[in-house]
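Secondary and tertiary structure notes
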Amino acid sequence: MSISPPETLRVSHRRVSCDGAGDIPAALGHPRVYLEMDEAGYVDCGYCDRRFVLIGGPADGVAQGDLPDIASGASH
């Protein structure tokens, strides 16, 4: 059984920022971090586990629960 990340966002750039906010006020999120995707085409936020997937990249359209976690700057 695989577990999908809590939230997956499809984005158009390899460099993204995350502050944990979304439907909650930013003050309740986490410090803003900048994440860079590698050739896998996705990256996970180390604070909130939100996953960012590059539109049209190798991870776009793949069952996200089947992919390993990739924190910014990590290699697999």
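The preceding data block contains the structure.
Let me sum up the structure you'll find in this document. (Residues numbered from 1 in each chain as written. Predicted model: local features only at pLDDT ≥ 70, side-chain atom pairs only at ≥ 80, totals over all residues. Heavy atoms only, no water.)

**Digging into the sheet that holds strand E5 (residues 51-54)**
Pairing is mixed in the open sheet, where three strands are placed in the order E1-E5-E4. The open sheet has two edge strands, strand E1 (8-11) and strand E4 (42-44), and neither has a second partner. Each adjacent strand pair in this sheet contributes to an overall mean axis angle of 20 degrees, direction not counted. The pairing of E4 with E5 spans three bridges and is antiparallel. Opposite Val-43, over in E5, you have Phe-52 as the bridge partner. (Pairing = 2+ DSSP bridges. Helix = DSSP H or I, 4+ residues; strand = E, 2+ residues; numbered from the N terminus. Axes fitted to C-alpha atoms, helices over the stretch in contact; angles between N-to-C directions.)

**Side note on the side chain of Asp-19**
When you line up the elements, Asp-19 lands in the loop between strand E2 (15-18) and strand E3 (33-36). Take Asp-19: its relative accessible area is 17%, and that puts it in the buried class. At 3.3 Å, the side chain of Asp-19 and the side chain of Arg-32 are in polar contact. (Buried < 20%, exposed > 50% of the residue type's maximum accessible area, 1.4 Å probe, protein only. Polar contact = N/O pair within 3.5 Å; in protein donor to acceptor, adjacent residues only side chain to side chain.)

**Concerning the environment of Leu-9**
Tracing the backbone shows Leu-9 in strand E1. Its relative accessible area of 28% is what places Leu-9 among the partly exposed residues. Every residue in contact with Leu-9, bar those within four places of it in the chain, is listed here: Arg-50, Arg-51, Phe-52 and Val-53. (Contact = heavy atoms within 4.5 Å.)

**Details of the nonpolar core**
The tendency in soluble globular proteins is for nonpolar side chains to be buried as a group. One finds Val-11, Val-16, Cys-18, Val-33, Leu-35, Met-37, Val-43, Cys-45, Phe-52 and Leu-54 forming the largest nonpolar core, which totals ten residues. Within the residue set of this core, elements represented by two or more residues are E2, E3 and E5. In this structure, Val-11 is in contact with Val-16, Met-37, Phe-52, Val-53, Leu-54 and Ile-55, ignoring residues within four places of it in sequence. If you look at the next biggest cluster of nonpolar residues, it comprises five residues, including Ala-40, Tyr-42, Val-53 and Ile-70. (Core = buried A, V, L, I, M, F, W, Y, C linked by side-chain atoms within 4.5 Å.)

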